[in-house]
Amino acid sequence: MGALPKRKKSKSRAMMRLSHSAVKAPALVECPQCHIMIRPHHACPACGKYNGRDVVSQKEPKKTQPTGPLAPPKK
Ligand SMILES: [Zn+2]
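Residues numbered from 1 in each chain as written. Predicted model: local features only at pLDDT ≥ 70, side-chain atom pairs only at ≥ 80, totals over all residues.

Visitor: Looking at this model, I keep getting lost on the overall build of the protein. Mind explaining?
Guide: Secondary structure assignment for the protein yields 2 helices and 4 strands. In the protein, the succession of helices and strands from N to C terminus is α-β-β-β-β-α. In the protein, buried positions account for 3% of the 75 residues. In the protein, of all internal contacts separated by at least 6 residues, the share reaching a separation of at least 24 is 0%. (Helix = DSSP H or I, 4+ residues; strand = E, 2+ residues; numbered from the N terminus. Buried ≥ 20, exposed ≤ 12 C-beta atoms within 10 Å, placed from the backbone. Contact = placed C-beta atoms within 7 Å.)

Here's what the structure looks like:
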């Protein structure tokens, strides 16, 4: 067995430790494209843009993409 505490932590001591463990609300900023609230420094989950650029392909544009021999080559 490893080292064990000599005495029980009092309720007061335990609550003093837990006073730092509250869950805080996440920081949110407004998406400049679709104006929903998003996490800062993350791509927008609704429009897939980050810093004005498309970084995440969305479901709707995928449906309209042409398929077949005339489609642009994929990487
Ligand atoms: Zn957006």
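Visitor: Please explain unusual backbone geometry as it appears in this structure.
Guide: Glycine aside, residues mostly have negative phi, and peptide bonds are mostly found in the trans state. Even without being a glycine, H35 presents a positive backbone phi close to 65°. Relative to the helices and strands, H35 resides in the loop between β1 (29-30) and β2 (37-38). Phi at H41 is positive, roughly 65°, even though this residue is not glycine. With respect to the element layout, H41 can be found in the loop between β2 and β3 (49-50). What makes H41 exposed here is the crowd of 9 C-beta atoms within 10 Å.

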